[in-house]
Amino acid sequence: MNSLKKKHYALILLAVLLLGVAAYAWHLYSRISSPLLNGTTTHYLYIDNDDTPDSVYAKLAPVSHQPALDGLKWLTTHYDYNLRTGRYALEPGTKSLDVFRQLRNGQQAPVMLTVPDVRTMERMAARLSSKLMIDSAEIAQALTSQEYCQQLGYDTATIACMFVPNTYEVYWNTSLDALMQRMQREHDAYWNAQRVQQAQAQGLTPNEVATLASIIDEETSNNAEKPMIAGMYLNRLKRGMLLQADPTVKFALKDFTLRRILNRHLEVDNPYNTYKYAGLPPGPIRVPSVQAIEAVLNPARHDYLYMCAKEDFSGSHNFARTLSEHNQNARRYQQALNKRGIR
């Protein structure tokens, strides 16, 4: 074979090789530049501490075009990629290459976290955990730990004061400590100088406002009536009277199902029993609503000292200035309970 033929064969071999490389490059490019999702809606990918690349692929498989998913696998295999926890919003039409960059850079989509006005820290933990990567048991353990609460400036009786029910933008993989620090910042922002002054005008601290507000929330869900109830309890506090709030007895007994408070219930020896112990209880009996807090800061001005649920079970109350008048209201309510067979 002469040199000319050798050169000819070499050129053919090189051309075939280049065509093969080009074909492979085109094959790969078509996969990494194709839209990953096979739907028309945004898909949210959650990556937690237990995930591996294979488990992430498994989560994506039902909603992805297989060739594009193969392209994503190739990218994560051949380029620097370490799993980063988070909640990622994958938009329709987003290419595999862009999804890879999104995951590698940890470009998360925030969640809207609603802090609820709930009765117990266990319920708070469950509600927060439902929107976050943190396990509910971890949150509950922290919020019922005296040591952890003290690090935040509270104790297990007052930790509910820290939470201001609202909706906040946070990241799904936020840590417990970061979440609690965020809640403390939101608390401090809510309790600005004006609200602190309003609390002081009622002779209360912010924690005491939250405690009274929690009782008001348990008394009624009628926001319009809350300033009236706040004014009534403040009148009693200023006169040194026992609050005699039925919801505190339920809390002391840890029985929120009670529909009727009887004399035997009032005998429970517990600092939350405001029929036995003067002043406010040691802390809130639930996470108070913003509406109840504002009612305490801006109470209705009146001279009522007593209230009793209305006998029509509307959720509203009859207010009284004197014990005699209150007893008449209470008698009508007791008769209504008896008529309905509520024990």
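Residues numbered from 1 in each chain as written. Predicted model: local features only at pLDDT ≥ 70, side-chain atom pairs only at ≥ 80, totals over all residues. Heavy atoms only, no water.

## Some words on the overall build of the protein
Then, in step 1: A tally of helices and strands in the protein yields 14 helices and 6 strands.
Then, in step 2: Relative to its length of 343 residues, the protein is extended, with a C-alpha radius of gyration of 32 Å against a globular reference of 20 Å.
Then, in step 3: When the 343 residues of the protein are sorted by exposure, 44% land in the buried category.
Then, in step 4: Relative to all contacts within the protein whose residues are 6 or more apart in sequence, the contacts with residues 24 or more apart total 63%.
Then, in step 5: In the form shown here, the protein has an accessible surface area of approximately 18,200 Å², with 50% of it arising from carbon and sulfur atoms.
Then, in step 6: If the 37 positive side-chain charges of the protein are averaged to one point and the 32 negative ones to another, these points end up 6 Å apart. (Helix = DSSP H or I, 4+ residues; strand = E, 2+ residues; numbered from the N terminus. Rg over C-alpha atoms; globule rule 2.2 N^0.38 Å. Buried < 20%, exposed > 50% of the residue type's maximum accessible area, 1.4 Å probe, protein only. Contact = heavy atoms within 4.5 Å. Areas by Shrake-Rupley, 256 points an atom, 1.4 Å probe, with all protein chains shown as cover. Lys, Arg positive; Asp, Glu negative; His and termini not counted. Charge placed at Lys NZ, Arg CZ, Asp CG, Glu CD.)

## Focus on helix α6 (residues 136-143)
Then, in step 1: Within α6, burial applies to I139, A140, A142 and L143. Within α6, the buried residues cover an arc of 165° as seen down the axis, which keeps them to one side.
Then, in step 2: Buried residues along α6 sit against α5 (121-129), α7 (146-151) and α8 (176-190).
Then, in step 3: Measuring from the backbone nitrogen of A137 back to the side-chain oxygen at the start of α6 gives 3.0 Å, which picks out D135 as the cap. (Arc of directions from axis to C-beta. Polar contact = N/O pair within 3.5 Å; in protein donor to acceptor, adjacent residues only side chain to side chain.)

## Focus on the environment of P271
Then, in step 1: For P271, the position within the fold is in the loop between α12 (246-253) and α13 (290-297).
Then, in step 2: Placed 226 residues apart in sequence, P271 and L45 show a C-alpha to C-alpha distance of 48 Å.
Then, in step 3: The contact partners of P271, leaving out residues within four places of it in the chain, are Y277, P281 and P282.

## Points about unusual backbone geometry
Then, in step 1: Unusually for a residue other than glycine, Q244 sits at a positive phi of about 50°.
Then, in step 2: Position of Q244 relative to the elements: it lies in the loop between α11 (226-239) and α12.
Then, in step 3: Its relative accessible area of 33% is what places Q244 among the partly exposed residues.

## As for the packing of aromatic side chains
Then, in step 1: A full pass over the atoms with the stated rule returns 9 aromatic pairs.
Then, in step 2: With a centroid separation of 5.0 Å and an interplanar angle of 75°, the aromatic rings of Y46 and W172 are classed as edge-to-face. Of this pair, Y46 sits in strand β1 (residues 43-47) while W172 sits in the loop between β4 (167-170) and α8, and the two are 126 residues apart along the sequence.
Then, in step 3: Judged by its relative accessible area of 33%, Y46 falls in the partly exposed class.
Then, in step 4: Following the ring pairs from residue to residue traces out a cluster consisting of W74, Y79, Y81 and F100.
Then, in step 5: Across the ring face of Y190, the terminal group of R195 is positioned such that the distance to the ring centre comes to 3.9 Å.
Then, in step 6: Between K254 and the ring centre of F251, over which it is positioned, the NZ or CZ distance is 4.0 Å. (Phe/Tyr/Trp six-rings, centres within 6.5 Å; stacked < 30°, edge-to-face > 60°. Lys NZ or Arg CZ within 6 Å of the ring centre and 35° of its normal.)

## Considerations on the environment of V118
Then, in step 1: Position of V118 among the secondary structure elements: in the loop between β3 (111-114) and α5.
Then, in step 2: Residue classification places V118 among the buried residues on the basis of a relative accessible area of 7%.
Then, in step 3: When the C-alpha atoms of V118 and P165 are compared, they prove to be 9.3 Å apart, with 47 residues separating the residues in sequence.

## Let's talk about the confidence of the model for the protein
Then, in step 1: Of the residues in the protein, 91% have a pLDDT of 70 or more, and the chain-wide mean is 89.
Then, in step 2: At the level of individual helices and strands, the protein shows its lowest average pLDDT in helix α1 (residues 3-32), which scores 56, and its highest in α13, which scores 98. (pLDDT = per-residue confidence, 0-100.)

## A word on the pairing of β4
Then, in step 1: In β4, alternate side chains face the same way, and those of Y168 and V170 are buried while those of T167 and E169 on the opposite face are not.
Then, in step 2: As defined by bridge partners, β3 adjoins β4 across 4 bridges and the pair is classed as antiparallel. Paired with T114 across the strands is T167, a residue of β4. (Pairing = 2+ DSSP bridges.)

## A look at the pairing of strand β2 (residues 86-90)
Then, in step 1: Counting buried positions along β2 yields 5 of 5 residues, so the element is predominantly enclosed.
Then, in step 2: When β1 meets β2, the two strands line up antiparallel, connected through 5 bridges. Across the sheet, Y46 pairs through a bridge with R87, a residue of β2.

## Focus: the side chain of T158
Then, in step 1: As for its placement among the helices and strands, T158 is situated in the loop between α7 and β4.
Then, in step 2: Residue contacts for T158: discarding those within four places in its chain leaves N207, P282, G283 and P284.

## Some details on the nonpolar core
Then, in step 1: Core analysis: the largest hydrophobic core is formed by 66 residues, its most contacted members being M124, F163, M180 and Y233.
Then, in step 2: The dominant element in this core, judged by the number of residues it contributes, is helix α10 (residues 206-219), at 6 residues.
Then, in step 3: In this structure M180 touches L143, Y148, L152, M162 and F163, once residues within four positions along its chain are discounted.
Then, in step 4: Among the nonpolar cores identified, the runner-up in size contains 17 residues, and L45, I47, V56 and Y88 belong to it. (Core = buried A, V, L, I, M, F, W, Y, C linked by side-chain atoms within 4.5 Å.)

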